[in-house]
Amino acid sequence: MGRTGEACTWCGADVVAGDGYRLTEHPGERSAVFCRLEHVVPWAFHGGHWEAGAPEEPGALGAALETCAHCAASLGDVRVTLIRHRGEHRIPDAFCSVDHAGAWARAGGRWR
């Protein structure tokens, strides 16, 4: 059976449009795709291998995120944004580093 979406950066499973998580680095034009939040943890722990290019997302998603979701530090121009795709909805969280994105995911993300 052919792919219907992107491949999970960690496990290679098919991540269909409207599902999963997209992690982007700004600036940097690098991204990663995950089928499950739990896959962010080992990916970050093992050094986070990025793909070139950023996924297409509405430009305003990251603009309103001013603090790190893990440590509440104020974010400057450099940030990591994790976007949950849930159907037509996009739920963003921003972080000051990949380590903080991994720690946040390890703690259960928004459901901690």
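Residues numbered from 1 in each chain as written. Predicted model: local features only at pLDDT ≥ 70, side-chain atom pairs only at ≥ 80, totals over all residues. Heavy atoms only, no water.

Asks: Would you take a moment to explain the pairing of strand 4 (residues 30-34) for this structure?
Replies: For strand 4, the buried fraction is high: 4 of the 5 residues fall into the buried class. As paired strands, strand 3 (residues 21-26) and strand 4 are joined by 5 bridges and run antiparallel to one another. Within strand 4, the residue paired with arginine 22 across the bridge is valine 33. Adjacent in sequence and paired antiparallel, strand 3 and strand 4 are bridged by 3 residues, among which glycine 28 carries a positive phi angle near 145°. In this structure, strand 4 lies alongside strand 5 (residues 51-52), joined through 2 bridges in antiparallel fashion. Counterpart to arginine 30 in the pairing with strand 5 is alanine 52. (Buried < 20%, exposed > 50% of the residue type's maximum accessible area, 1.4 Å probe, protein only. Helix = DSSP H or I, 4+ residues; strand = E, 2+ residues; numbered from the N terminus. Pairing = 2+ DSSP bridges.)

Asks: Got a minute to help me understand the side chain of histidine 85 in this structure?
Replies: Structurally, histidine 85 can be placed in strand 6 (residues 79-86). Only 3.4 Å separates the side chain of histidine 85 from the side chain of arginine 90, close enough to count as a polar contact. (Polar contact = N/O pair within 3.5 Å; in protein donor to acceptor, adjacent residues only side chain to side chain.)

Asks: Is there a simple way to explain the packing of aromatic side chains in this structure?
Replies: For any pair of aromatic rings, geometry is given as the distance between the ring centres together with the angle between the planes. Scanning all chains against the criterion turns up 3 aromatic pairs. Pairing tryptophan 43 with tryptophan 50 gives two aromatic rings, centres 5.1 Å apart and planes at 85°, and the pair type is edge-to-face. Like tryptophan 50, tryptophan 43 is buried. By the ring-pair criterion, three or more aromatic residues cluster together here, those being Phe34, Trp43 and Trp50. (Phe/Tyr/Trp six-rings, centres within 6.5 Å; stacked < 30°, edge-to-face > 60°.)

Asks: Got a minute to help me understand the sheet that holds strand 3 in this structure?
Replies: Across a sheet, paired strands are connected by hydrogen bonds in the backbone, their directions being either parallel or antiparallel. Strand order in the open sheet made by the 5 strands is 5-4-3-6-7, with antiparallel pairing throughout. A strand with exactly one partner marks an edge of an open sheet, and here the two such strands are strand 5 and strand 7 (89-95). Here helix 2 (residues 98-106) sits on the sheet in contact with strand 3, strand 6 and strand 7, set at roughly 120° to strand 7. (Contact = heavy atoms within 4.5 Å. Axes fitted to C-alpha atoms, helices over the stretch in contact; angles between N-to-C directions.)

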